Amino acid sequence: MAKTPVLTPQAEDFPRWYQDLINKAELADNGPVRGTMVIRPYGYGLWERMQQEMDARIKDAGAQNAYFPLFIPQSYLTREAEHVEGFAPELAVVTHGGGKELEEPVVVRPTSETIINDYFSKWVQSYRDLPLLINQWANVVRWEMRPRVFLRTTEFLWQEGHTAHATYEDARDYAAYIHREVYADFMVNVLGIDVVLGRKTPRERFAGAINTLTLEGMMGDGKALQMGTSHELGTNFAKAFQTRYLTADGRQELVWQTSWGTSTRMVGGLIMSHGDDNGLRVPPRLAAVQVVVMAIKGEESVARVRELGDTLRAAGLRVHVDDRVDTPFGRRAVDWELKGVPVRIEIGPRDLEAGTAMLVRRIPGGKEAVPADALTALLPKVLDDDQALLLEQSRHRRESRTADVATVAEAAEAAVAGGWARIPWAVLGEEGEAKLAEQAVSVRCLVAEDGSVPEADDAPGTVALVARAY
């Protein structure tokens, strides 16, 4: 009789597989209010590692962390018409507090452009105050009609950067720097996801921005996931909040601004990019636990794995020792497989006698007996190879499932079939984009023929990347 799989196979039902994995790998639960989520310790550990890696890159870009209130006066959002119009359907509004009706309703933060701009207008006086580079790690609320854990939730965690600059060029270049050197570097080199960098169309642009730069990743089912965005805001918010500075020659000028953000959606992207029918596969550079050292049975095995765990930690590896010999070994092995820890080192009585350990690799699969004393030297290369393999697999999936097409109908067909399409923007245009939207297909971004980000929507040779999306 065939063994019942722990997870629904991806090929059978990808959304069910995704939900099964979140539950079985103990990543998150649904919260008590529709659309909210409880992130469990292992899932939060993934987010913490993402925070650490991202925060270091953000600080290298010159930004400093700050914190702004969760509650925003409703009047703030009405100052920038396009912005409030874009967020109006998603707002959560508080009308009562302390048992009384509030004089002015307050909005639960959907994003912080308005409240931060109110303070920027106080903090920026002259050109000496610029550039002003601020980031915050926070939660936001956007009322979600079709929630899915990590991907679309009413409340989620994120970072949002907000900056003010003296010139358009400085703001443009900083938004591009965040897009490329912070976000893309992290997603490619740590998450192991082969994202496409591009420019959003006016239809898909952030509300209130003059340009939105995006990073799009192909998931295991061929759909696209927007992994992060960096926006040029122009002077739209500066005009609304009168954020001006005194130039070196005594003139009053509006500041030029950017905003940019990534969120816990990246955890969903990690799952759907790298997960397989046996569970999650965590990139070694991201993993909070790179190596789990497991005792199979016996007190001698327990002593040995504890000793080996200390040795590997001293070598700079992130290690967890699983010495729970009172829990069946098979059950523990399946649990670590589901959680996607890159490497398992298994030691039992026979291994002790032979001076070996069983090396089990989650990412390529397979196991082999190796000398236990060789692990300290061997594991760094194993982890580097497995990190590279995940990126290679992600790139191969995207390239093999992206078709160059010549018509709107061909673009829709490729997307509906579970892939991406590339079509000249001059052929598609806004009219074709609207036709695709009727079939739940969208233009994820505009790219240049050589894969770079075009400087304008109508730049010669611009190609539209078309897909179904989460």
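Because the structure is predicted, anything quoted here is derived from the model rather than measured. (Residues numbered from 1 in each chain as written. Predicted model: local features only at pLDDT ≥ 70, side-chain atom pairs only at ≥ 80, totals over all residues. Heavy atoms only, no water.)

A.B. asks: Could you clarify how one ought to interpret the sheet that holds strand β4 (residues 71-73) in this entry?
C.D. replies: What holds strands together in a sheet is hydrogen bonding between their backbones, with the strands either parallel or antiparallel. Taken in spatial order, the three strands of this open sheet run β4-β6-β5, and their pairing is antiparallel. A strand with exactly one partner marks an edge of an open sheet, and here the two such strands are β4 and β5 (92-97). The sheet shows a mean angle of 45° between the axes of neighbouring strands, taken without regard to direction. Of the pairings in the sheet, the one linking β4 to strand β6 (residues 100-108) comprises three bridges and is antiparallel in character. Note on β6: the bridge partner recorded for Ile-72 is Val-107. (Pairing = 2+ DSSP bridges. Helix = DSSP H or I, 4+ residues; strand = E, 2+ residues; numbered from the N terminus. Axes fitted to C-alpha atoms, helices over the stretch in contact; angles between N-to-C directions.)

A.B. asks: How should I be thinking about the packing of aromatic side chains in this particular structure?
C.D. replies: Each aromatic ring pair is summarised here by two numbers: the centre-to-centre distance and the angle between the ring planes. Counted according to the given criterion, the structure contains eleven aromatic pairs. For the ring pair Trp-47 and Trp-137, a centre distance of 5.9 Å and an interplane angle of 75° mean the geometry is edge-to-face. Of this pair, Trp-47 sits in helix α2 (residues 41-60) while Trp-137 sits in strand β7 (residues 132-141); the two residues are 90 residues apart in sequence, bridging distant segments of the chain. Trp-137 carries the same exposure label as Trp-47, and that label is buried. Note on Tyr-174 and Trp-260: the rings are 6.3 Å apart at their centroids and 50° apart in plane angle, and the pair reads as tilted. Taken together, the positions of Tyr-174 in helix α6 (residues 168-189) and Trp-260 in strand β14 (residues 256-263) put the pair 86 residues apart, joining distant regions of the chain. A connected cluster of aromatic rings, assembled from ring pairs, spans Phe-68, Tyr-119, Phe-120 and Trp-123. (Phe/Tyr/Trp six-rings, centres within 6.5 Å; stacked < 30°, edge-to-face > 60°. Buried < 20%, exposed > 50% of the residue type's maximum accessible area, 1.4 Å probe, protein only.)

A.B. asks: Sorry, what's going on with helix α1 (residues 14-24) here?
C.D. replies: Side chains of residues three or four places apart in an α-helix project in the same direction, reflecting 3.6 residues per turn. Along α1, the residues that are buried comprise Phe-14, Trp-17, Tyr-18, Asp-20, Leu-21 and Ile-22. In the segment just after α1, Glu-26 is the residue with positive phi, at about 60°.

A.B. asks: Honestly, the pairing of strand β16 (residues 319-322) in this entry has me stumped. Any pointers?
C.D. replies: Direction of pairing for strand β15 (residues 291-295) relative to β16: parallel, over a ladder of four bridges. Within β16, the residue paired with Val-291 across the bridge is Val-319. On the question of chirality, the crossover connecting β15 to the parallel β16 by way of helix α9 (residues 299-314) is right-handed. (Right-handed = clockwise from strand over helix to strand, strands pointing away.)

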